[in-house]
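# Analysis of the macromolecular model
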Amino acid sequence: MQSRTKLLNATKFVGGSVLSIGVMMFLFGFLVNGSSLLISIGIGTITGSVFIFLIGLFFAATEEMLAKSYKGIPSNPLQTEENTPFGKF
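Heads up: these notes are all about the structure in this document. (Residues numbered from 1 in each chain as written. Predicted model: local features only at pLDDT ≥ 70, side-chain atom pairs only at ≥ 80, totals over all residues. Heavy atoms only, no water.)

## Digging into the overall build of the protein
- A tally of helices and strands in the protein yields two helices and zero strands.
- In the protein, which comprises 89 residues, the proportion classed as buried is 12%.
- Within the protein, contacts between residues at least 6 apart in sequence are counted, and of these 53% link residues at least 24 apart.
- With an accessible surface of roughly 7200 Å², the protein has 72% of that area assigned to carbon and sulfur atoms. (Helix = DSSP H or I, 4+ residues; strand = E, 2+ residues; numbered from the N terminus. Buried < 20%, exposed > 50% of the residue type's maximum accessible area, 1.4 Å probe, protein only. Contact = heavy atoms within 4.5 Å. Areas by Shrake-Rupley, 256 points an atom, 1.4 Å probe, with all protein chains shown as cover.)

## Re the packing of aromatic side chains
- Summed over all chains, the structure comprises two aromatic pairs.
- Here the aromatic rings of Phe 26 and Phe 30 are separated by 5.8 Å at their centres, their planes lie at 5 degrees, and the arrangement is stacked. Here the residue Phe 26 and the residue Phe 30 both occupy positions in helix 1 (residues 2–33), the gap between them amounting to four residues, near one helical turn.
- On the basis of an interplanar angle of 45 degrees and a centroid distance of 6.3 Å, the ring pair of Phe 58 and Phe 59 is categorised as tilted. (Phe/Tyr/Trp six-rings, centres within 6.5 Å; stacked < 30°, edge-to-face > 60°.)

As structure tokens, this is what we get:
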């Protein structure tokens, strides 16, 4: 559990920092400067921060699901006919 909280905290910190930088760039370009280049870079930065946050959440959820699904039994994708749910056909 410790590694997942570290990953979530790091994702939250990085995503929040990039989001705040993107919002400041967007507002500066929209309200103060009127530059369309700065507005577009701000929108791209905001979108990037959302993707960073979602990818971090995906990694944490994947790690948790892998930890919960491991039972110590090797999976065998090629089942024999006797082990199928309906037996032999």
